[in-house]
There are 2 protein chains.
Amino acid sequence: MSRANEGHDTMNGAESLVRTLVGGGVEVAFTNPGTSEMHFVAALDRVDGMRCVLCLFEGGATGAADGYGRMAEKPASTLLHCGPGLGNGLANLHNARRSRTPIVNIVGDHATYHLQYDAPLTSDIEGIARPVSAWVRTSPDSRRVAQDGAEAIAAARTAPGGVATLILPADTAWGEGGAVATVPAVPEREKADPDRMKVAVEALMSGEPTLLFLGDRTLREEGLGLAERICAKTGAKMMAQTSNARIERGAGRVPIERLPYPVDAAIAVLKGLKHLVVIGTTLPVGFFAYPGKPSLLTPPDCTITVLAPPEADQIDALRQLAEAVKAGPAPARPAIARPDVPTRGAIDSATIAQTVAALLPENAIVCDEAVTTGRSFFPPTHAARPHDWLALTGGSIGLGIPMATGAAVACPDRKVVNLQADGSGLYTAQALWTQARENLDVLTVIFANRSYAILRGELAGVGANPGRKALDMLSLDNPAIDWVSLARGFGVEALQAADLDAFVSGMRIGLGRRGPFLIEALL
Amino acid sequence: MSRANEGHDTMNGAESLVRTLVGGGVEVAFTNPGTSEMHFVAALDRVDGMRCVLCLFEGGATGAADGYGRMAEKPASTLLHCGPGLGNGLANLHNARRSRTPIVNIVGDHATYHLQYDAPLTSDIEGIARPVSAWVRTSPDSRRVAQDGAEAIAAARTAPGGVATLILPADTAWGEGGAVATVPAVPEREKADPDRMKVAVEALMSGEPTLLFLGDRTLREEGLGLAERICAKTGAKMMAQTSNARIERGAGRVPIERLPYPVDAAIAVLKGLKHLVVIGTTLPVGFFAYPGKPSLLTPPDCTITVLAPPEADQIDALRQLAEAVKAGPAPARPAIARPDVPTRGAIDSATIAQTVAALLPENAIVCDEAVTTGRSFFPPTHAARPHDWLALTGGSIGLGIPMATGAAVACPDRKVVNLQADGSGLYTAQALWTQARENLDVLTVIFANRSYAILRGELAGVGANPGRKALDMLSLDNPAIDWVSLARGFGVEALQAADLDAFVSGMRIGLGRRGPFLIEALL
């Protein structure tokens, strides 16, 4: 699958890899390089078409690659330094694995012959990579590295999409004899199993309480439209998985609710259900287990049919279902009026959601790591102008600011609004600097409740009886974080909003300008 | 090895584990907990003797545990949340592995029965832990967890010391039937092999150029004293490994130099050597490989004798050597005068080192992540008041601020001075907040060269030819980080020093007060 060298007399491995990446549609690299990656970095100057975005921390690079991949629908690459650099990027690669985002994750390593000496940075990179990667390979030499890169692109793009980790020993980058490679064909998605299709159709036609449980590609306009028609015809209901990589939503689009995060609330909405048909996601299970509560949240007598797992052709499955149930045209959908901004009350979940619903610009991208504050954001924002909603998929906090960074790189003409819990934002706030450096059009809204608020609920949920020390472990107010100072430290302008008027006016300011801006909303 | 329940009628696994940790000498937990750790957190209130130190990011927790363990010479525990939390802590666990620091690394996981559902946070925690851990175990149930904790303490303390990762499924914490366990005996360190001892003595007595190459325990006062006597008798020289967990040094102590980091400089100092005797460390190899340069830096005709690897009884090996060569008493050592503070020049490596040498208080702990700026800090600071010097051992940057935090927790009566490169500090600056929260006596000195300065040298070192894009990947000045704002954002007072006078006066201010303080020195 290699092709001729296109007039380059000689080329080192690094250059052959960069040319292969660009040729394979990988146009952005989110980097935090070190010594072992210097030839890759140097090769970037000899090859047009690769945008390099520097990150101060690897979690920023991997989270940005996730945000980019969700919006661009093709992989960015990372460039990380050895096992520890990969370690720093691991949490957001875990999220990317759960959002099934294609990423070509490039990790430099020592020269192959140097590994035997166990120099300080030596580590088992493949071992660290495997838990988050759909594909892992260590390239053996400079003549092979481009082909490995091409196969990494294909692996990242293979349904359902995932992290392909290519480990690049330094001598595979600096060695000569590289030749550009082309990306192998990616396998087609499999169609739904006919037997399962029959069971799903029977469930839908049974007249019994049935739920279409949806994720992944089904949550874009086409899939949601098909699901809506199926439900209108059969009386089934539809619901999205709790956390989803990307939902196309807002005024004029199909409003879909998410399975609630709290287990009791989830059990309540699934109560009485007789059939569950799953497309593009996993089963409705608790985010965590709690003593005395079930893991699988459907009623015991509910049948479950996994019609199309994430790697299957989800849209085709919906089309087949629609045809089998003889779904009609799209039903009339009652228009919901977009609310005005709130004028009274505190800054809380309700007024924040109302403000976002009122002010969100057309075609915005919402990056949601609002955690507790954001659980009830969906109902009010169905009426917001059309937008994409990107959520924390893997539960590994610290995604929001990097994801917004990557989404803004992918979509420079769209406003990105990062709804960000404060505790989570503190994991990877360094990504604000990348927003400043690249002048990305991101408004970050920090919900400063100054605690790990989610854990206060979780303590009760698991039946733990907290004392002073325990509660102290959930509090971030001693000292209070000053987000305006932090943002300025990273070169991003910011303001603090202590009441609702200041919050609404801050949102107008932040949405009315281009470039990065941060609002610290004191809850 | 369990003992009776000491009057506790019933106890859940979490409480039995906390009691076992405290009983086993683990008195500090550096935590960043989540839902799966809530019972452990709740148990902290029922057990006296465990200090909990909250960190905003797991790299802060693991780096603090490293700094604590280096100074306290016993393990702290961490408390991390699932695979992604461990991932965030991995880079500093890599450093701890290289510094051979005992750490009981506790990672919460889903309840055992919940794992089959592959909920979003599910991951292969053992797989992520193994590359940085000397010992990994997933506890199976609440009756077993205390015993597993006791064995983790023993594993962490087993020579040469290391990271023992205990994975704690939520139901092992909340389940009943826990019973406190006692820590098993730790194996004695092995003595040096007699044949190797003979070879080492012959080398030392040969009259040919011989070097004692030292690390780990040999770099404390006793070991250095023995090495000095051996060298005085035999004419051998002594040198420390490039990066070391802890050196006892300063006025009145044996001044030892480190193997230089740059490969050419290291080859130059080892030139002509006929024999290398290694105690408490690994071979002198390049931190990285460079095209056309060797990995092993001793001359080809130099014999190498690994007399005592890090896990062996290093001090006994030195004692045996001293006896075998009939070493005399400690030689007279010329006193070196402590310098005055510099009064002219720019803020640079030389004037910083001179200022530190002049002002460092008695018994200070220096946490050195100065990277390029700090390479020549040793010669001038041999004359500083006696102090400990803790370095970045594993090459994974982002250790300095957390390590200083942990050292200050271990030694509340000693001043901690963190000499910190700016690029590296940006990985884990959140640890400043923990310093503020715990009112730790840490002076952080940021060397703001606003670049990944080390990589400028590395680009040349690997023979890469940088262009604009490549150089742009090494620059942190667009926008410049404002460290004073960052520090204030995390609740730490700070000042910026733009010239030498301001730097010296800032150092006097920072050293003259108690509690956390930060100086941004513009280089």
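How each quantity is defined
- Residues numbered from 1 in each chain as written.
- Chains lettered and ligands numbered in written order.
- Predicted model: local features only at pLDDT ≥ 70, side-chain atom pairs only at ≥ 80, totals over all residues.
- Heavy atoms only, no water.
- Helix = DSSP H or I, 4+ residues; strand = E, 2+ residues; numbered from the N terminus.
- Buried < 20%, exposed > 50% of the residue type's maximum accessible area, 1.4 Å probe, protein only.
- Contact = heavy atoms within 4.5 Å.
- Areas by Shrake-Rupley, 256 points an atom, 1.4 Å probe, with all protein chains shown as cover.
- Lys, Arg positive; Asp, Glu negative; His and termini not counted.
- Charge placed at Lys NZ, Arg CZ, Asp CG, Glu CD.
- Phe/Tyr/Trp six-rings, centres within 6.5 Å; stacked < 30°, edge-to-face > 60°.
- Lys NZ or Arg CZ within 6 Å of the ring centre and 35° of its normal.
- Least-squares fit on C-alpha atoms with pLDDT ≥ 70 in both.
- Polar contact = N/O pair within 3.5 Å; in protein donor to acceptor, adjacent residues only side chain to side chain.
- UniProt positions renumbered as here; feature names shortened; annotations may be inferred.
- Salt bridge = Lys/Arg side-chain N within 4 Å of Asp/Glu carboxyl O.
- Pairing = 2+ DSSP bridges.
- Axes fitted to C-alpha atoms, helices over the stretch in contact; angles between N-to-C directions.
- Buried area = accessible area lost by both parts, 1.4 Å probe.
- Domains from an automatic or database assignment.
- Expected span 1.5 Å × (residues − 1).
- Parallel < 35°, antiparallel > 145°, perpendicular 65-115°, else oblique.
- Left-handed = near helix turned anticlockwise from the far one by under 90°.
- Nonpolar A, V, L, I, M, F, W, Y, C, P; charged D, E, K, R; others polar.
- pLDDT = per-residue confidence, 0-100.

K.L.:
Tell me what's going on with the overall build of chain A, and back it up with residues and numbers.
P.N.:
Counting secondary structure elements, chain A contains 20 helices and 17 strands. Taken over the C-alpha atoms alone, chain A extends approximately 65 × 60 × 45 Å along its principal axes. In chain A, which comprises 523 residues, the proportion classed as buried is 65%. In chain A, once contacts between residues fewer than 6 apart in sequence are set aside, the share between residues at least 24 apart is 81%. Summed over its atoms, the accessible surface of chain A is roughly 16,900 Å², and 50% of this surface lies on carbon and sulfur atoms. For chain A, the distance from the average position of its 48 positive side-chain charges to the average position of its 55 negative side-chain charges is 6 Å.

K.L.:
Can you explain the packing of aromatic side chains? Please cite residues and give values.
P.N.:
All told, the structure shown has 13 aromatic pairs over all chains when counted by the stated rule. Consider the rings of Phe-30 of chain A and Tyr-68 of chain A, whose centres lie 6.1 Å apart with planes at 70 degrees: the pair is edge-to-face. Taken together, the residues span a long stretch of sequence, with Phe-30 of chain A in strand β1 (residues 28–31) and Tyr-68 of chain A in helix α3 (residues 58–72) at a distance of 38 residues. On the basis of relative accessible area, Phe-30 of chain A is assigned to the buried category, the value being 0%. Taken together, Phe-57 and Tyr-427 of chain A together with Phe-57 and Tyr-427 of chain B form an aromatic cluster joined through their ring pairs. Looking at Arg-249 of chain A, its charged tip hangs above the ring of Phe-378 of chain A, at a distance of 3.7 Å from the centre. The aromatic ring of Tyr-290 of chain A is capped on one face by Lys-293 of chain A, whose charged end is 5.9 Å from the ring centroid.

K.L.:
Can you lay out the relation of the copies chain B and chain A for me, pointing to particular residues and giving the numbers?
P.N.:
Each of the two chain copies can be brought onto the other by rotation about an axis and movement along it. If you rotate chain B by 180 degrees and push it 0.0 Å along the axis, it lands on chain A with an RMSD of 0.0 Å. Here the two chains are linked by the operation of a two-fold rotation axis.

K.L.:
Could you give me a rundown of helix α12 (residues 349–359) of chain A, with the residues and numbers involved?
P.N.:
Residue and element names in this part refer to chain A. Counted residue by residue, α12 has eight buried out of 11 residues, so it is predominantly covered. Within the sequence span of α12, burial applies to Thr-351, Ile-352, Ala-353, Thr-355, Val-356, Ala-357, Ala-358 and Leu-359. Here the buried face of α12 lies against α13 (378–381), β14 (416–421), β15 (442–448) and α20 (500–512). One side-chain oxygen of the residue at the start of α12 lies 3.1 Å from the amide nitrogen of Ala-350, identifying that residue as Asp-348.

K.L.:
I'd like a rundown of the environment of Leu-500 of chain A, residues and numbers included.
P.N.:
Residues and elements named next belong to chain A. The residue Leu-500 is located in helix α20 in this model. For the pair Leu-500 and Arg-344, spaced 156 residues apart in sequence, the C-alpha to C-alpha distance is 7.1 Å. Excluding its chain neighbours within four sequence positions, the residues that come into contact with Leu-500 are Pro-342, Thr-343, Arg-344, Gly-345, Ala-346, Ile-347 and Thr-351.

K.L.:
Explain the UniProt feature "domain: Thiamine pyrophosphate enzyme TPP-binding" (unreviewed entry) in chain A to me, using residue names and the numbers behind them.
P.N.:
Within the UniProt annotation, "domain: Thiamine pyrophosphate enzyme TPP-binding" (unreviewed entry) is assigned to residues 383–520 of chain A. A distance of 25 Å separates the end C-alpha atoms of residues 383–520 of chain A, which is 41% helix and 20% strand.

K.L.:
How would you summarise the pattern of salt bridges if you had to cite specific residues and measurements?
P.N.:
Pairs can form between side chains of opposite charge whenever their charged atoms are close. Inspection of every chain in the model, using the stated rule, returns 62 salt bridges over all chains. Between Arg-137 of chain B and Glu-151 of chain B there is a salt bridge, with the nearest N and O atoms lying 2.6 Å from each other. Taken together, the residues Arg-137 of chain B in strand β5 (residues 135–138) and Glu-151 of chain B in helix α6 (residues 145–157) connect sequence positions 14 residues apart. By sharing partners, the salt bridges in this structure join Glu-73, Arg-100, Asp-216, Arg-217 and Arg-220 of chain A into a single network.

K.L.:
Quick one: what's the story with unusual backbone geometry, residue by residue and with numbers?
P.N.:
Residues and elements named next belong to chain A. Residue Pro-160 is reached from Ala-159 by a cis peptide bond, and omega for that bond is 5 degrees. Its location among the elements puts Pro-160 in the loop between α6 (145–157) and β6 (163–169). Residue Arg-450 is not a glycine yet carries a positive backbone phi of 55 degrees. Tracing the chain through its elements places Arg-450 in the loop between β15 and α17 (453–461). Accessibility expressed as a relative area gives 26% for Arg-450, which makes it partly exposed.

K.L.:
Break down the sheet that holds strand β11 (residues 303–308) of chain A for me, citing the residues and quoting the values.
P.N.:
Residues and elements named next belong to chain A. Read from one edge to the other, the open sheet built from four strands follows the order β8-β7-β10-β11, with strand pairing classed as parallel. Two strands in the sheet have a free side with no partner beyond their single neighbour: β8 (237–240) and β11. Taken over all neighbouring pairs, the strand axes of this sheet differ in orientation by 25 degrees on average, direction set aside. As paired elements, strand β7 (residues 210–214) and β8 share four bridges and run parallel to each other. Counterpart to Leu-211 in the pairing with β8 is Lys-237.

K.L.:
Which residues make up the interface of chain B and chain A, and what values go with them?
P.N.:
Contact with chain B, which involves 95 residues of that partner, is made by 94 residues of chain A. Between chain B and chain A, a total of about 7,900 Å² is buried, with carbon and sulfur atoms accounting for 64% of that surface. At the surface where chain B touches chain A, the tally comes to four salt bridges. With its nearest N and O atoms 3.4 Å apart, the salt bridge here joins Arg-437 of chain B to Asp-472 of chain A. Here chain B and chain A share 46 residue pairs in polar contact (both at pLDDT 80 or more) between them.

K.L.:
Describe the domain arrangement of chain A, with residues and values.
P.N.:
All names here are of chain A. Taken domain by domain, chain A consists of domain 1 (13–174), domain 2 (194–324) and domain 3 (349–522). For domain 1 versus domain 2, the distance between C-alpha centres works out to 35 Å. With seven residues of domain 1 at the interface, the matching set in domain 2 holds 11 residues. Buried area between domain 1 and domain 2, both sides added, is near 740 Å², and the carbon and sulfur share of it is 42%. Taken as a group, Arg-70, Glu-73 and Arg-100 account for 59% of the area that domain 1 buries against domain 2, more than any other trio of residues on that side. There are three salt bridges connecting domain 1 and domain 2. Arg-217 is the partner of Glu-73 in a salt bridge, and the nearest nitrogen-oxygen pair spans 2.8 Å. For the interface between domain 1 and domain 2, the tally reads four residue pairs in polar contact (both at pLDDT 80 or more).

K.L.:
Would you mind going over the side chain of Ser-16 of chain A in detail, with residue names and values included?
P.N.:
All names here are of chain A. Within the element layout of this structure, Ser-16 appears in helix α1 (residues 13–23). Look at Ser-16 and you get buried, because its relative accessible area is 0%. Once you skip the residues sitting within four places of it in the chain, Ser-16 turns out to touch Met-11, Ser-142, Val-145, Ala-146, Gly-178, Ala-179 and Val-180.

K.L.:
How would you explain the UniProt feature "domain: Thiamine pyrophosphate enzyme N-terminal TPP-binding" (unreviewed entry) in chain A if you had to name every residue and give the values?
P.N.:
Those places that UniProt annotates as "domain: Thiamine pyrophosphate enzyme N-terminal TPP-binding" (unreviewed entry) correspond, in this numbering, to residues 11–116 of chain A. In the segment residues 11–116 of chain A, helix accounts for 48% and strand for 20%; the C-alpha atoms at its two ends are 27 Å apart.

K.L.:
Any details on helix α3 (residues 58–72) of chain B? Residues and values, ideally.
P.N.:
For α3 of chain B, spanning 15 residues, the distance from its first C-alpha to its last is 20 Å, which sits close to the expected 21 Å at 1.5 Å a residue. Backbone geometry just after α3 of chain B places Glu-73 of chain B at a positive phi near 55 degrees.

K.L.:
I'd like a rundown of the packing of α3 of chain B against helix α4 (residues 82–99) of chain B, residues and numbers included.
P.N.:
All names here are of chain B. In contact at an axis separation of 6 Å, α3 and α4 are set at 25 degrees when each is read in the N-to-C sense. Between α3 and α4, the angle falls in the class roughly parallel. The handedness of the crossing between α3 and α4 comes out as right-handed. Residues Glu-58, Gly-59, Thr-62, Gly-63, Asp-66 and Arg-70 of α3 pack against Gly-85, Asn-88, Gly-89, Asn-92, Leu-93, Asn-95, Ala-96 and Ser-99 of α4. Of the residues belonging to the contact of α3 with α4, the class tally is two nonpolar, nine polar and three charged.

K.L.:
How would you summarise the confidence of the model for chain A if you had to cite specific residues and measurements?
P.N.:
Residue and element names in this part refer to chain A. Of all residues in chain A, 98% attain a pLDDT of 70 or more, and the chain-wide mean is 95. Counting contacts from residues 1–7, a segment whose pLDDT is below 50, to residues more than four positions away or on other chains yields 12 contacts. Predicted complex metrics record ipTM = 0.96 and pTM = 0.97.

K.L.:
Could you give me a rundown of the packing of helix α12 (residues 349–359) of chain B against helix α20 (residues 500–512) of chain B, with the residues and numbers involved?
P.N.:
Residue and element names in this part refer to chain B. Closest axis-to-axis distance for the α12/α20 pair is 11 Å, and the angle between their directions is 30 degrees. The angle between α12 and α20 falls in the class roughly parallel. Taken as a pair, α12 and α20 cross one another with a handedness that is right-handed. Taken together, the residues of α20 that come into contact with α12 (itself represented by Thr-351, Ile-352, Thr-355, Val-356 and Leu-359) are Leu-500, Phe-503, Val-504, Met-507, Arg-508 and Leu-511. For the contact of α12 with α20, the residue count by class is eight nonpolar, two polar and one charged.

K.L.:
Account for the sheet that holds strand β9 (residues 247–249) of chain B, with residues named and values stated.
P.N.:
Residues and elements named next belong to chain B. Spatially, the seven strands line up as an open sheet ordered β9-β13-β12-β14-β15-β17-β16, and their pairing is mixed. Bordering the open sheet on either side are β9 and β16 (493–497), each of which pairs with just one other strand. Direction aside, neighbouring strands of the sheet carry axes that sit 20 degrees apart on average. As paired strands, β16 and strand β17 (residues 517–522) are joined by five bridges and run parallel to one another. The residue bridging Leu-495 from the neighbouring strand is Ile-519, located in β17.

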